[in-house]
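Listed below, chain by chain, are the residues.
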Amino acid sequence: MRTIVVAGWLAVTAWTGLARPAAAQSAGVLVIGPAESPVVAQLQDELVAAGWEVRAIALDAAPADESLDRMTRMRRATAVVVATDPSAAIRIRILDPAGGASDERSVTVPDGDVEDAVRLTAIQVVEALRASRPRAVEAAAGRVEPPVEPPEAAPEEPPPPEPKAHWWATAGPGFVWSTGGVDAVATFDVGLRWHCWEYLTVAAAFAAPLGTPTVTAAEGSADLQPWRAYADLRWLPLAGRGWFQPDFGVGLGAAFVLMSGTAEGPYVGAEDLVTTFVAHVVAGLEYRALDWLALRLDGWVGMTVPGVGVRFGDRRVAEWGWPLLGVTLAAAVGW
């Protein structure tokens, strides 16, 4: 009796040892199809040769997808190959270890010699398993280390955009006023501005008087016509972004004041042209309607060095340029 038991145990051990692949290197693959199908047999051989552990279930009809996934998980397999109807196609379903949707592919059996077609189909199935979710197959086999996330780099601040227009021509009306007893005078200002850098502009401008303020006293009267030519340098804090663009700067130039006097007797009238330097600080706001069209409003405060005085006889009756206040509204065209 003991001899029979030992012999039976040896036979079972030998059979299971032959059925188990000796070099299985990957997770299991479940093969479903008729037991007598040459396609199923060839699939098992190719999968074992490729290093997968194969488990076969003899069925003539394919179960539903949910049943397939449940059978695959119960047998601790990673993928299932359904070859119940090779004339249509061979289905491949690979489970997602994270519990997501299964990945399904199909391989069509080619026409021609049966043996060659079966072997080619089995090879294609093996390659499809290798190519589809390789990390999922290896993860189920416990051979994949968790991916190492690269350190996140600090986001770089994008550089300010380059100005689309580098040259701007400006023209518009303005006013200049001084506190020394001379009335405000309207002007017409024209200029050419160069956007030399995203944060800086340089301009050259000229202001012509549109009126003639008059100073009157007992000795007579004097008409003044102030002309100005200047250059300024401005800083753009927003670097050209947005519709409204503020800027701040300084300017330096010259003023040419033409004075024409009319005297009461016994005084004599005279004409004179006085030239003086003008320094100012300016703040502007530009509305950029288009890339090439804008509307500017500028306000500035400055002074003349030296000051310009209006003298009647032996006394000084008015001053111009201590200080100077100005405002300009101009249209700008860029290119």
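Predicted, not measured: the structure shown is a model, and the values here were computed from it.

### Details of the pattern of salt bridges
Going through the model one piece at a time under the given rule, you end up with 16 salt bridges. The partner of Arg296 in a salt bridge is Asp247, with the nearest N and O atoms 2.7 Å apart. Residue Arg296 is located in strand β13 (residues 293–305), and its partner Asp247 is located in strand β11 (residues 244–263); the two are separated by 49 residues in the primary sequence. Considered together, Arg296 and Asp247 belong to a single accessibility category, that of buried residues.

### Describing the confidence of the model for the protein
Here the protein averages 81 in pLDDT, while 81% of its residues score no lower than 70. When pLDDT is averaged over each element of the protein, strand β8 (residues 200–209) comes out on top at 97 and helix α1 (residues 2–19) at the bottom at 40. Throughout residues 1–26 the model reports pLDDT below 50, and contacts reaching past four residues in sequence, or to other chains, amount to 13 contacts.

### Observations concerning the packing of aromatic side chains
On inspection of all chains with the given rule, the structure shows 6 aromatic pairs. Ring centres of Trp167 and Trp194 lie 5.7 Å apart, and the angle between their planes is 15 degrees; this geometry places the pair in the stacked category. Of this pair, Trp167 sits in strand β6 (residues 167–178) while Trp194 is found in strand β7 (residues 185–197), placing the two residues 27 residues apart along the sequence. Among the residues examined, Trp194 registers a relative accessible area of 39% and is labelled partly exposed.

### A look at the side chain of Thr72
The residue Thr72 is located in helix α3 (residues 65–74) in this model. Every residue in contact with Thr72, bar those within four places of it in the chain, is listed here: Leu30, Ala77, Thr78, Ala79, Val80 and Leu95.

### Some points on the nonpolar core
Counting residues in hydrophobic clusters, the biggest one holds 21 residues, and the most contacted among them are Leu43, Leu47, Val81, Ile90, Ile92, Val125 and Leu129. Elements represented by at least two residues in this core include exactly β1 (28–33), α2 (38–49), β3 (77–82), β4 (90–94) and α4 (114–131). Among the elements that line this core, the one with the most residues is α4, at 6 residues. In contact with Leu47, not counting residues within four places along its chain, are Val29, Val31, Trp52, Val54, Val126 and Leu129.

### A look at the pairing of β3
For β3, the buried fraction is high: 6 of the 6 residues fall into the buried class. In terms of strand pairing, β1 meets β3 through 5 bridges, oriented parallel. Residue pairing across strands places Val31 opposite Val81, the latter belonging to β3. As paired strands, β3 and β4 are joined by 4 bridges and run antiparallel to one another. Residue pairing for β4: Val80 is matched across the bridge by Arg93.

### Quick notes on unusual backbone geometry
Here Val305 and Pro306 are connected by a cis peptide whose omega angle stands at -5 degrees. Note that Pro306 resides in the loop between β13 and β14 (308–312). Here the bond from Trp322 into Pro323 is cis, since omega is -10 degrees, no more than 30 degrees from zero. Of note, Pro323 is situated in the loop between β15 (315–320) and β16 (324–334). Despite not being glycine, Arg76 shows a phi value in the positive range, around 55 degrees. Relative to the helices and strands, Arg76 resides in the loop between α3 and β3.

### As for the pairing of β7
Alignment of β6 against β7, held across 10 bridges, turns out to be antiparallel. Within the sheet, the bridge partner assigned to Trp167 lies in β7 and is Trp194. Hairpin connection from β6 to β7: 6 residues lie between these consecutive antiparallel strands, with Gly181 at a positive phi of about 105 degrees. As paired strands, β7 and β8 are joined by 9 bridges and run antiparallel to one another. Along β8, the bridge assignment pairs Asp189 with Ala207. What sits between the antiparallel neighbours β7 and β8 is a turn of 2 residues.

Here is what the cut-offs are and how they apply
Residues numbered from 1 in each chain as written. Predicted model: local features only at pLDDT ≥ 70, side-chain atom pairs only at ≥ 80, totals over all residues. Heavy atoms only, no water. Salt bridge = Lys/Arg side-chain N within 4 Å of Asp/Glu carboxyl O. Helix = DSSP H or I, 4+ residues; strand = E, 2+ residues; numbered from the N terminus. Buried < 20%, exposed > 50% of the residue type's maximum accessible area, 1.4 Å probe, protein only. pLDDT = per-residue confidence, 0-100. Contact = heavy atoms within 4.5 Å. Phe/Tyr/Trp six-rings, centres within 6.5 Å; stacked < 30°, edge-to-face > 60°. Core = buried A, V, L, I, M, F, W, Y, C linked by side-chain atoms within 4.5 Å. Pairing = 2+ DSSP bridges.

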